[in-house]
Amino acid sequence: MKQSTAWFLACRPKTLSVSLSPVVVGSAVAWHEQDSLLWLPLLAAALGAALIQIGTNLFNDAGDFLRGTDTPQRLGPRRASAEGWLSPQAVQAGAWLAFALAFLCGIYLVGHGGWPIVFIGLGSLAAGWAYTGGQRPIAYGPLGEFFVFIFFGLIAVGGSYYLQTLGLSTTALTAAALVGLHAAAVITVNNYRDRDGDTANGKNTLAVRLGRPATRWLYTVEILAPYALLPLLAGLGWPALLPLLSLPLALRLIGRFRRETPGPAFNGILAATAGLQLVFALLLTLSFII
C-alpha cells in the first residue's frame, strides 16, 4: 500500500464530521443571535478541531496496537499500525504533528478569544492524548461516551459560539447537548461491537459494564433524545422542526442496532451513525440560519 494511502486511512477521514459539525452548529447559533459571522475564527476553529480529531485518531491507532487490543481478530475497520502499513512510532509522530498544527491554530484563536480559549484548547489537546494515552486511557474505562458528549458537544459547540460572540447562551448550550448526544452514540456503536474483545483484553468500556441489553437501550436514548429535546428550541418557530426530517434514518438505525449480530456489520452502523449526526447537525444549522 502507498504511504499516502496508509496515512489517509490512518487519519480516519470519515470521522471528521463528528468534530466539524459542532463548529458549524455553534457558529450558526451565533449568526442567528447577532446576524453576523466572523469567518477567520470559524475557519481556524474548524481546522483546529479537525487536526485534534486526526491526532486523537492516530494516537488511538498506535496506542491500541501497542497495548495489544488491536489483533487480527479485530471486528472494526483495519488500522495502520495493526496491519503494518505504518510503524506505531511513525503514527505517534504524525499524531504529535497534528496536535502541533492545531496548537498553531489555537495561538490565533487565543489572540481573538482570550483566556477561555486557552483552557478549551489545552483541555482538548490533553483529552485527545488521554483518550488512549497514559496509564488510565479514557477509552479503556466507562467514560468514553461522557468524554465525547463534553468535548464534541458542549465544548466544541459552546467554544465555537464563544469565538463569534465572546459569550455563551442557553440556546448555544442546548444545541451543544443535541449534537453531543449523537456524537456519544458513535462511541456506543464502537464499544458495543467490540464488547467481547474488550472484555478479554481488560478494556472496561461502558458497554462492558452495562452488558448488551442495557447498551442497546443506551444507544436508543442517545439517538432519540436530541429529537425529544427539540421543543427547547421552540423560540426558532417552525424551523426548529427541520431536524425531524432525519428521524426516519434514526429509527432505522435503532432497528439495525437491535437486530444485527455484533460483528463486522456494525462497521456499517458505525458509519451510518456518524452520518446521522452530520445530517442532524446540518438540519439544525439550517434551523438557525433560515
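Refer to the preceding data block for the structure.
Notes on the structure follow.

Cut-offs used in this document
- Residues numbered from 1 in each chain as written.
- Predicted model: local features only at pLDDT ≥ 70, side-chain atom pairs only at ≥ 80, totals over all residues.
- Heavy atoms only, no water.
- Helix = DSSP H or I, 4+ residues; strand = E, 2+ residues; numbered from the N terminus.
- Rg over C-alpha atoms; globule rule 2.2 N^0.38 Å.
- Expected span 1.5 Å × (residues − 1).
- Bend = angle between axes of the 7 residues up to and from the residue.
- Contact = heavy atoms within 4.5 Å.
- Buried < 20%, exposed > 50% of the residue type's maximum accessible area, 1.4 Å probe, protein only.
- Polar contact = N/O pair within 3.5 Å; in protein donor to acceptor, adjacent residues only side chain to side chain.
- 1 Å grid on protein atoms, 1.4 Å probe; cavity = no way out; pocket = protein on both sides within 12 Å on 5 of 7 lines; lining within 4 Å.
- Points joined across faces, edges and corners; volume = space filled by probe spheres on them.
- Salt bridge = Lys/Arg side-chain N within 4 Å of Asp/Glu carboxyl O.
- Core = buried A, V, L, I, M, F, W, Y, C linked by side-chain atoms within 4.5 Å.
- Phe/Tyr/Trp six-rings, centres within 6.5 Å; stacked < 30°, edge-to-face > 60°.
- Axes fitted to C-alpha atoms, helices over the stretch in contact; angles between N-to-C directions.
- Parallel < 35°, antiparallel > 145°, perpendicular 65-115°, else oblique.
- Left-handed = near helix turned anticlockwise from the far one by under 90°.
- Nonpolar A, V, L, I, M, F, W, Y, C, P; charged D, E, K, R; others polar.

## Quick look at the overall build of the protein chain
Next up, step 1: Each helix and strand in the protein chain was counted, giving 13 helices and 0 strands.
Next up, step 2: Listing the helices and strands of the protein chain from first to last along the sequence gives α-α-α-α-α-α-α-α-α-α-α-α-α.
Next up, step 3: Taken against the 2.2 N^0.38 rule, which gives 19 Å for 290 residues, the C-alpha radius of gyration of the protein chain at 19 Å falls within 12% of a compact globule.
Next up, step 4: On the principal axes, the C-alpha backbone points of the protein chain span a range of 55 × 45 × 35 Å.

## Comments concerning helix H11 (residues 212-228)
Next up, step 1: Across its 17 residues, H11 extends 24 Å between first and last C-alpha, which sits within 8% of the 24 Å expected from 1.5 Å per residue.
Next up, step 2: Largest kink in H11: about 25°, centred on Glu222, with the proline Pro226 one to four residues after it.
Next up, step 3: Structurally, H11 contributes buried residues whose contacts are with helix H7 (144-165), helix H8 (170-193), helix H9 (195-200), helix H10 (206-210), helix H12 (247-259) and helix H13 (265-289).

## Some details on the side chain of Thr215
Next up, step 1: Within the secondary structure layout, Thr215 lies in helix H11.
Next up, step 2: By relative accessible area, which is 1% here, Thr215 ends up buried.
Next up, step 3: In this structure the side chain of Thr215 is engaged in a polar contact, spanning 2.7 Å, whose partner is the backbone oxygen of Gly211.
Next up, step 4: The residues touching Thr215, leaving out its near neighbours within four places in the chain, are Thr188, Tyr192, Leu206, Ala207, Leu210 and Phe257.

## Remarks on the layout of surface pockets
Next up, step 1: As a volume, the second largest pocket reaches approximately 580 Å³.
Next up, step 2: Residue lining of the second largest pocket: 32 residues in total, with Ala49, Ile52, Ile120, Gly121 and Ser124 positioned closest to the centre.
Next up, step 3: Among the elements of the structure, helix H2 (16-34), helix H3 (39-66), helix H5 (88-113), helix H6 (115-130) and H7 are those that each provide at least two residues to the lining of the second largest pocket.
Next up, step 4: The greatest single-element share of the lining of the second largest pocket, amounting to 9 residues, is contributed by H6.

## Digging into the pattern of salt bridges
Next up, step 1: This model, assessed by the stated rule, comprises 3 salt bridges.
Next up, step 2: For the salt bridge of Asp64 with Lys203, the shortest nitrogen-to-oxygen distance reads 3.9 Å. A residue pair is termed long-range when its members are at least 10 positions apart, and Asp64 in helix H3 and Lys203 in the loop between H9 and H10 qualify at 139 residues.

## Brief notes about the environment of Ser287
Next up, step 1: Looking at where Ser287 falls in the secondary structure, it is placed in helix H13.
Next up, step 2: Remark: the alpha-carbon pair of Ser287 and Ala240, spanning 47 residues in sequence, is separated by 5.5 Å.
Next up, step 3: When neighbours within four sequence positions are excluded, Ser287 is seen to be in contact with Leu236, Pro239, Ala240, Leu242 and Pro243.
Next up, step 4: Polar side-chain contacts of Ser287 include one of 2.6 Å to the backbone oxygen of Pro239.

## Notes on the nonpolar core
Next up, step 1: Ranked by internal contacts, the top residues of the largest apolar core, which has 45 residues, are Val25, Tyr219, Leu233, Leu284 and Phe288.
Next up, step 2: Among the secondary structure elements, those contributing two or more residues to this core are H2, H7, H8, H11, H12 and H13.
Next up, step 3: Top contributing element to this core by residue count: H8, with 11 residues.
Next up, step 4: With sequence-adjacent residues up to four places away left out, Phe288 is seen in contact with Ala28, Val29, Trp31, His32, Thr171, Ala175, Leu233 and Leu236.

## Let's talk about the packing of aromatic side chains
Next up, step 1: The final tally for this structure, using the stated rule, is 11 aromatic pairs.
Next up, step 2: Between Phe59 and Trp96, the aromatic rings sit 4.9 Å apart at their centres with planes inclined by 80°, giving edge-to-face as the arrangement. Taken together, the positions of Phe59 in helix H3 and Trp96 in helix H5 put the pair 37 residues apart, joining distant regions of the chain.
Next up, step 3: A relative accessible area of 48% places Trp96 in the partly exposed class.
Next up, step 4: For the ring pair Tyr219 and Phe257, a centre distance of 4.1 Å and an interplane angle of 10° mean the geometry is stacked. In this pair, Tyr219 is assigned in helix H11 and Phe257 in helix H12, connecting sequence segments 38 residues apart.

## Quick word on the packing of H8 against H11
Next up, step 1: Interaxial distance between H8 and H11 falls to 8 Å at its minimum, and their mutual angle equals 160°. By the angle class used here, H8 and H11 are roughly antiparallel. Every pair of crossing elements has a handedness; the one defined by H8 and H11 is left-handed. Taking contact as the criterion, the partners of Leu178, Leu181, His182, Ala184, Ala185, Thr188, Val189, Tyr192 and Arg193 in H8 are, on H11, Arg212, Thr215, Arg216, Leu218, Tyr219, Glu222, Ile223, Ala225, Pro226 and Tyr227.
Next up, step 2: Across the contact of H8 with H11, the residue classes break down as 12 nonpolar, 3 polar and 4 charged.

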